[in-house]
Amino acid sequence: MDRRTTLKWVLAASTAGPLLRPGGVGAFSAAKLGYGSDPDLSLNYHAGELWPLTLTPAQRRLAATLSDLIIPADDRSPSASAAGVVDFIDEWVSAPYPDCLRDRGIVLGGFTWLDLEAGQRFGQDFADLAPAAQTSILDDICDAARVAASLRDAAQFFARYRDLTAGGFYASPFGRTDLGYIGNQPQASFDGPPRALLVSLGLDAQPLGPRVVRWHELLVGSTAPGLRGWNTPGFPAGWRVEDGVLSKEDPVHDLVTLQTFGNFELELEWKIGKGGNSGIFYRATRAYDHLYWSGPEYQILDDANAPDGRNRLTAAASAYGLYAAPVGVVRPFDQWNETRIVADGTHVEHWLNGRKVVDYELKSADWTSRVAASKFAAYPQYGLAKAGFIGLQGDHSGAVAFRRMRIRELPSV
Amino acid sequence: MPFVTADTQQSDYDVIVVGSGAGGGQAAYALCMDGAKVLMLEAGRHYAYTEAPMFRTPELAPLRGASTPGKPYGYFDATVDGGWSVPGEPYVRASEDEAGRFDWWRARMLGGRSNHWGRISLRNGPYDFKPYSRDGLGFDWPIGYEDVAPYYDKVEMLIGVYGTNEGLENTPNSPADCLLPPPARLVSDHLIAQRAGRLGIPAIPAHRAVLTRALDHERVPALLHPGNARAQSILAEDMRRRTPCLWATPCGHGCSIRANYQSTTVHLPPALMTGNLDILTDAMVHEVTMGSGGRANGVNFIDRLSGRQRHATARVVILAASACESARILLNSTSARFPQGLANSSGKVGRYVMDTVGSSMQGQIPLLENLPPLNEDGADGHALYVPWWLYPEQRAGKLGFARGYHIEFGGGKRMPGLGTGAGLEWLTGGSYGTKFKEDVRRYYGSFVGFDGRGEMIPNEHSFCEIDPVVKDRWGIPVLRFHWQWSDHERRQAAHMQTTFAAIIDAMGGRTRKGIKTGADAIATGGSIIHEVGGAIMGADAKTSVTNRWCQTWDVDNLFIADGAVFASNADKNPTLTIMALAWRAADHILERFKRKEL
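All values reported here derive from a predicted model rather than from experimental measurement.

With that out of the way, let us pick up the overall build of chain B. The helix and strand tally for chain B stands at 13 helices and 15 strands. The globule rule puts the C-alpha radius of gyration for 598 residues at 25 Å, and the 23 Å found for chain B is close to it. Dimensions of chain B along its principal axes, counting C-alpha atoms only, are 75 × 50 × 45 Å. Put simply, chain B has 598 residues, and 68% of those count as buried. In chain B, once contacts between residues fewer than 6 apart in sequence are set aside, the share between residues at least 24 apart is 73%. Across chain B, 62 positive and 63 negative side-chain charges occur, with their mean positions spaced 2 Å apart.

Have a look at this one:
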């Protein structure tokens, strides 16, 4: 069979089988085709389970050779055949669907042509050729736009086979990893691309835009926009801001945000000096003379050396005096810790170094009984405000530093 | 007992609702919340939103999740027993000519097509209800924007729609606190907005029925059901059970956390909680039956499980089976008194079927190549869209077509699939091997797609009728479709093409095939799945099928609560309007019940 005859056969085969046009005139067959129109979407299917695979061992060997010439292994991902592409192609060309029946003709015809061509040029089957010989054939058919007229059908075969190989590979975990796809994971929020990326693309200033809830940076360079003294008019002495790091050594006045926050998400990093004690208050009001009489406190502590560290209820990341934080999450003094606080309605979460360490409900029966048994029982407004200041405790002993402090409002529920 | 069978159904329903999609779901919800007893009949099987294969990935599916005739939008699409063909339920095209082709999308499942749709929720504007008065083409609706606006408000608050109020022409604002915040934009959204903006084409936040945050269950129920404490408490409880978007998975898979609107995630759960709703699935309604005094008394349906014909009775019948399926039921409801079908004294049942004008183009944008890994799943697309922006030019007669279109667009590093590395020769010169892998990485995420969605003007040549020969597997005569675009639609599609090309050019991009012209530029009729018309509402019984309340002129207790009543098909996607009209019709029925008129 010469090449021309082969390709005629390829073309004939490609038009065989029923051509189902969507919504075709007249009756669409009621017979169940393939997996039908209501398959069980919860099952994991494997090639060959729904219809038998039909490629011969020799055809599968050729399929693997060709797929791996198209998608070889490299330092990012394995080859196509290692990603299961041969099974996929066998499944595809064996399926009863119109597109698949058309491709079956194209692929099997192409396989035959490849071996004939390899035999004519090198006296061997394609899969047995040295790589250089294989690519010498593929180089002649890899681009339909500049292929010789006599090889046009072979080029169409190769284009289709490359598409199938790519489809089988990229629609797999290996392909997703190769392309750096990081979605399909539940997210607590969706913030869009990093601002720095948009700036680099010249896309920073937008005249029209969605009013998304934005993060507010609380420490920028040598300034602390949005922070002030709790009971001093300006920024109290003793606090320093340098390169985005807010720090103090000795007891100083507390800081609070200019704005109040109800439902919010706060992120920051902190570092405490040896034996030091500080804290983050939230939803604090001016009902009393001290922030901690109204606002719950995320404790900041050198657990190992400060007296409060002996009790988990008052240790680092605890909801001070009410809810204990587990041991072993906080880092030693003088090391940075990552903190996240989420307050959403009555729901509060304390996070430390990537772990949720405290999770409680304000105004719940449990919370109410714990408050009643604590020193806060004397302050009836404690923890009840729907919104209030974020406060940073400065009036306790020891050095403390904060950086990467940002906050955003959550929608009120 | 909410789910009944042909044998356990009751005999004293206030209302039968045929169909469980956006229109039927909304009508049943409104009726049940106000105490009416409703039997809902659905032709397809029961479907639970918990079936949604949200996070499932293509390698777990046959053929890597490819589109097949049984699953035209891919294996994991929510549609059950549907698509362009439904097994055993054919339809007929009157012409073999491609230009006269109409494709009909159906779904046979609880919730119908609302499980699959794009969740784009745009209000018709004031112009859109009075098109004839503006340009002398098509028909005016017998109602105006002010009639429907309160129901748009209510539907948006009930289902949850994200978007913003931009105050643009014929693009209505919603009341304060009605819309949810829109999602963040992808890199491609930023770029398109910037470059389209330079051409004077505005890109603004899209409106979609996806919860970007929890609904306000303390505030909204009292606004939707004033004076109805039970309805308020049921709705508040159900709103608490809906979870905001988790910023992953395609909405088309369905939503088991109920973050997006489907009839099955929003309308049916609270309606069932009232105890007033019975649902009968696998019930293929084919005929409205008539009792004494020219009043409908129920429907005949095929119980698909037994294959037997059964009957259901009620004081009022609402058809919400989808525009053409509702027309089919009317046309098949023949009797000595109604030889040309029920509610068809005007001869207009089946007439003026409309779809949306569709045209699309994809561009490759070098600026978007080789971006770092980004999670761009977002709310599954459509953070922004372009509303029709050329009202003044159109009014001045400068465009050569009478009605507008909007542009939906998208890009980003979405989950790789079967098409990710396919068809790249025009960019790669036919590479294979290591170079091919590098090329795919380079181009992944660098494509943007534009879809125009334009208004079609109803015409005399686009309609459905009963085929004299072909019957479906149940023996029910099927529809035969006639279809014809006018120059208005063709020119509009051509305008879309030049606009897309201009935006892609302004982005420094390139297209593979360039501008499509002629018949290639316009998508096949029906393929946008915005089928409306077929029983249009009007001010005159001689030229329309229903009045302003979706009540048929001929049969006092027969209503239509789907897209069939649309007297025009604005570029705005129809689902939100279907729901607003269905709620309005339900309120009217409840009012008439109170006055003992029905």
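Quick look at the overall build of chain A now. Per the secondary structure count, chain A includes 10 helices and 13 strands. Relative to its 413 residues, chain A shows a buried fraction of 49%. For chain A, the accessible surface area stands at approximately 18400 Å², while carbon and sulfur atoms represent 53% of it.

Another point: the sheet that holds strand E8 (residues 297-301) of chain A. Residue and element names in this part refer to chain A. Spatially, five strands are ordered E2-E5-E12-E7-E8 in an open sheet, and the strand pairing comes out antiparallel. Every interior strand has two partners, whereas the edge strands, strand E2 (227-229) and E8, have only one. Sheet twist, expressed as the average angle between the axes of neighbouring strands with direction ignored, equals 20°. With three bridges joining them, strand E7 (residues 277-284) and strand E12 (residues 389-392) adopt antiparallel strand pairing. Along E12, the bridge assignment pairs Ile280 with Leu392.

Bringing the domain arrangement of chain A into the picture now. Along its sequence, chain A is organised into domain 1 (3-179) and domain 2 (217-409). Computed from C-alpha coordinates alone, the two centres of domain 1 of chain A and domain 2 of chain A are separated by 61 Å.

The next point concerns the state of the cysteines. All names here are of chain B. Following the criterion strictly, the structure yields zero disulfides over all chains and no others. With no disulfide of its own, Cys255 has Cys251 as its nearest cysteine by sulfur position, at a separation of 6.6 Å. On the basis of relative accessible area, Cys255 is assigned to the buried category, the value being 6%.

Counting residues at the interface gives 90 residues for chain A, matched by 95 residues for chain B. Where chain A abuts chain B, roughly 7700 Å² becomes buried across the two surfaces, and 61% of that area is made up of carbon and sulfur atoms. The largest per-residue losses of area from chain A upon contact with chain B belong to Leu41, Asn184 and Phe190 of chain A, which jointly make up 10% of the total buried on that side. At the junction of chain A and chain B, the tally comes to six salt bridges.

Residue and element names in this part refer to chain B. Its location among the elements puts Gly197 in helix H4 (residues 187-198). Note on Gly197: relative accessible area 40%, which makes it partly exposed. Separated by 294 residues in sequence, Gly197 and Arg491 have C-alpha atoms that sit 23 Å apart.

Attention now goes to the packing of aromatic side chains. This model, assessed by the stated rule, comprises 41 aromatic pairs over all chains. Measuring from ring centre to ring centre gives 6.0 Å for Trp51 of chain A and Tyr97 of chain A, while their planes differ by 85°; the resulting arrangement is edge-to-face. Of the two residues, Trp51 of chain A sits in the loop between helix H1 (3-14) and helix H2 (57-70) while Tyr97 of chain A sits in the loop between helix H3 (85-93) and helix H4 (98-122), which places them 46 residues apart along the sequence. Overall, Tyr97 of chain A belongs to the buried group, its relative accessible area being 2%. Where Tyr75 of chain B meets Phe76 of chain B, the ring centres are 5.2 Å apart and the plane angle is 75°; that geometry is what we call edge-to-face. Grouped by ring-pair contacts, the aromatic residues Tyr35, Tyr45, Trp51 and Tyr97 of chain A together with Tyr75 and Phe76 of chain B constitute a single cluster. The lysine or arginine in question, Arg340 of chain A, covers the ring of Trp351 of chain A, its NZ or CZ lying 4.9 Å from the ring centre.

For the structure on display, the rule yields 65 salt bridges over all chains. The salt bridge involving Glu338 of chain A is made with Arg331 of chain A; its shortest N-O contact spans 3.8 Å. The exposure class assigned to Glu338 of chain A is partly exposed, which follows from its relative accessible area of 37%. Judged by its relative accessible area of 31%, Arg331 of chain A falls in the partly exposed class. Here Asp556 of chain B ties to Arg592 of chain B by a salt bridge, and the two come within 3.3 Å at their closest N and O atoms. Of the two residues, Asp556 of chain B sits in the loop between helix H12 (487-506) and strand E15 (558-560) while Arg592 of chain B sits in helix H13 (residues 575-594), which places them 36 residues apart along the sequence.

Over its 13 residues, helix H6 (residues 229-241) of chain B extends 19 Å from the first C-alpha to the last, a length consistent with the 18 Å expected when each residue adds 1.5 Å. Along H6 of chain B, the residues classified as buried are Ala231, Ile234, Leu235, Ala236, Asp238 and Met239 of chain B.

Backbone geometry places Asn353 of chain A, a non-glycine residue, at a positive phi of 50°. With respect to the helices and strands, the residue Asn353 of chain A is situated in the loop between strand E10 (347-352) and strand E11 (355-361). Positioned with a positive phi, Trp247 of chain B is a non-glycine residue whose angle comes to about 60°. Turning to its location among the elements, Trp247 of chain B is positioned in the loop between H6 and helix H7 (263-273).

By the secondary structure assignment, Lys413 of chain B is in the loop between strand E11 (405-410) and helix H10 (425-428). Here Lys413 of chain B sits buried without a salt bridge, and the closest side chain of opposite charge, Glu376 of chain B, lies 6.5 Å off (N-O distance).

Let us now look at the nonpolar core. Of all hydrophobic cores here, the largest spans 175 residues; its most connected members are Leu31, Leu41, Ile159, Ile318 and Phe450 of chain B. Other than its neighbours up to four places away in sequence, Phe450 of chain B contacts Ile192, Ser359, Ser360, Met361, Ile407, Glu408, Phe409, Phe500, Ile503, Ile504 and Met507 of chain B. Grouped together as the second largest cluster of nonpolar side chains are 63 residues, Leu69, Ile70 and Phe157 of chain A together with Leu63 of chain B included.

It is at 13 Å that the axes of helix H6 (residues 152-170) of chain A and helix H11 (residues 434-443) of chain B come closest, and there the two elements cross at 60°. Note that H6 of chain A runs across H11 of chain B; the crossing there is right-handed. Packed against H6 of chain A, whose contacting residues are Arg162, Ala166, Phe169 and Tyr170 of chain A, the element H11 of chain B presents Phe436, Lys437 and Val440 of chain B at the interface. Split by residue class, the contact of H6 of chain A with H11 of chain B holds five nonpolar, no polar and two charged.

Residue and element names in this part refer to chain A. Burial analysis of H3 places eight of its nine residues in the buried class, which makes it a mostly covered element. Taken together, the buried positions of H3 are occupied by Val85, Val86, Phe88, Ile89, Asp90, Glu91, Trp92 and Val93. Residues of H3 that are buried sit in contact with H2, H4 and H6.

So, how was this worked out
Residues numbered from 1 in each chain as written. Chains lettered and ligands numbered in written order. Predicted model: local features only at pLDDT ≥ 70, side-chain atom pairs only at ≥ 80, totals over all residues. Heavy atoms only, no water. Helix = DSSP H or I, 4+ residues; strand = E, 2+ residues; numbered from the N terminus. Rg over C-alpha atoms; globule rule 2.2 N^0.38 Å. Buried < 20%, exposed > 50% of the residue type's maximum accessible area, 1.4 Å probe, protein only. Contact = heavy atoms within 4.5 Å. Lys, Arg positive; Asp, Glu negative; His and termini not counted. Charge placed at Lys NZ, Arg CZ, Asp CG, Glu CD. Areas by Shrake-Rupley, 256 points an atom, 1.4 Å probe, with all protein chains shown as cover. Pairing = 2+ DSSP bridges. Axes fitted to C-alpha atoms, helices over the stretch in contact; angles between N-to-C directions. Domains from an automatic or database assignment. Disulfide = S-S within 2.5 Å. Buried area = accessible area lost by both parts, 1.4 Å probe. Salt bridge = Lys/Arg side-chain N within 4 Å of Asp/Glu carboxyl O. Phe/Tyr/Trp six-rings, centres within 6.5 Å; stacked < 30°, edge-to-face > 60°. Lys NZ or Arg CZ within 6 Å of the ring centre and 35° of its normal. Expected span 1.5 Å × (residues − 1). Core = buried A, V, L, I, M, F, W, Y, C linked by side-chain atoms within 4.5 Å. Left-handed = near helix turned anticlockwise from the far one by under 90°. Nonpolar A, V, L, I, M, F, W, Y, C, P; charged D, E, K, R; others polar.

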